[in-house]
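# Structure assessment
So you can see what is in the structure, the chains are spelled out below.
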Amino acid sequence: MFRWRSLLNLLFKSECHLCRRDSSEAICDRCKTQLDRLQHRNRAHLWRLSLPVWVWGQYRDELKQAITTMKYYNRPQIGEHLGECLGRAWLAGTKHHKHPPLAVVPLPMYVKKRRDRGFDQAEVIAEGFCRMTNLPLVAQGLQRVRPTRALFELSPEERQRELKQALRIGAARSELQRLDRAILLVDDIFTTGATARAGAEALRSAGFSVYGLAAIATTAR
C-alpha cells in the first residue's frame, strides 16, 4: 500500500501533511529537516529502566506538532514516516549490539477509540518501523479491554491504577507462540511508561519475553 501511495503522489498533485505545501511525498523535505533536528542525542538513555526504552526524538516543537496532527487531524501518513525514522535509527543504533530475535507489538488503543479515530497510531508507527527493520509485526499481540482516562492528566500512581488489567493478550496469541521471539513494544510517546509496563506485564504473565519499548518521542530529558 505504501508504494502505491508514493506512486500516486508522483502522478497527482499532493501536499505535505504538516505544512500543506505542495509535495510529492507525505512529508516535505523542509518538514523532514525540522523533525530531524529534534532527534534525541542519546536515544538509549532510557535503556537502563526496568522496561528498557529506545526513543527517537524529543516531544516538543515540530515533533509534538507532527504527533498531534497525526492523531487528531486524521494524518496516519505522518505516523508511517515517523515509524520509518524510528526504524532507521534502531538499525543504526543497534547494529553493533546483539539482541535476541524480535517481534514487534504495538501498544493498542481501545477498540471504540480506534474506530472513532479511524486508525491506531501505534500500529501505523509500527508498520513503518517494521518496513525499515524487516521485523515481523504482530498487530493484535495485545488488546485494550476497557477504556481509560487521558493519562497526561494523572499522576504516576493514578496512571498505574487506571491501567491495571486494561491490557491483555490479543487475538494473535498463537502467532506470537509460533514466532517464539522476544517482543519489542512500539508506541508514539513515552512519558512515565505506565502503558508500556502494563502491556509488558500482560505479555510476561502469558509466558512471553519482552525486550523493551521503542517510541517516537519522550518527554523525559
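The coordinates are above.
Let me sum up the structure you'll find in this document. (Residues numbered from 1 in each chain as written. Predicted model: local features only at pLDDT ≥ 70, side-chain atom pairs only at ≥ 80, totals over all residues. Heavy atoms only, no water.)

## Focus on the sheet that holds strand 1 (residues 53–58)
The parallel open sheet is built from four strands, whose spatial order is 1-6-5-2. Single-partner strands in this sheet number two, and they are strand 1 and strand 2 (102–106). Strand-to-strand, the axes of this sheet are offset by a mean angle of 20°, without reference to chain direction. Across five bridges, the pairing between strand 2 and strand 5 (residues 182–190) is parallel. Of the residues in strand 5, the one forming a bridge with Val105 is Leu185. (Pairing = 2+ DSSP bridges. Helix = DSSP H or I, 4+ residues; strand = E, 2+ residues; numbered from the N terminus. Axes fitted to C-alpha atoms, helices over the stretch in contact; angles between N-to-C directions.)

## Observations concerning the pairing of strand 2
Of all five residues making up strand 2, five are buried, and the element is well covered by its neighbours. Here strand 2 shows two buried faces, one formed by Leu102, Val104 and Pro106 and the other by Ala103 and Val105. (Buried < 20%, exposed > 50% of the residue type's maximum accessible area, 1.4 Å probe, protein only.)

## Focus on the side chain of Asp187
Looking at the secondary structure, you find Asp187 in strand 5. Buried charge without a partner: Asp187 forms no salt bridge, and the closest opposite charge is Arg144, 6.3 Å away. Excluding residues that lie within four positions of it along the chain, Asp187 makes contacts with Leu107, Ala122, Ile125, Leu213, Ala214, Ala215 and Ile216. (Lys, Arg positive; Asp, Glu negative; His and termini not counted. Salt bridge = Lys/Arg side-chain N within 4 Å of Asp/Glu carboxyl O. Contact = heavy atoms within 4.5 Å.)

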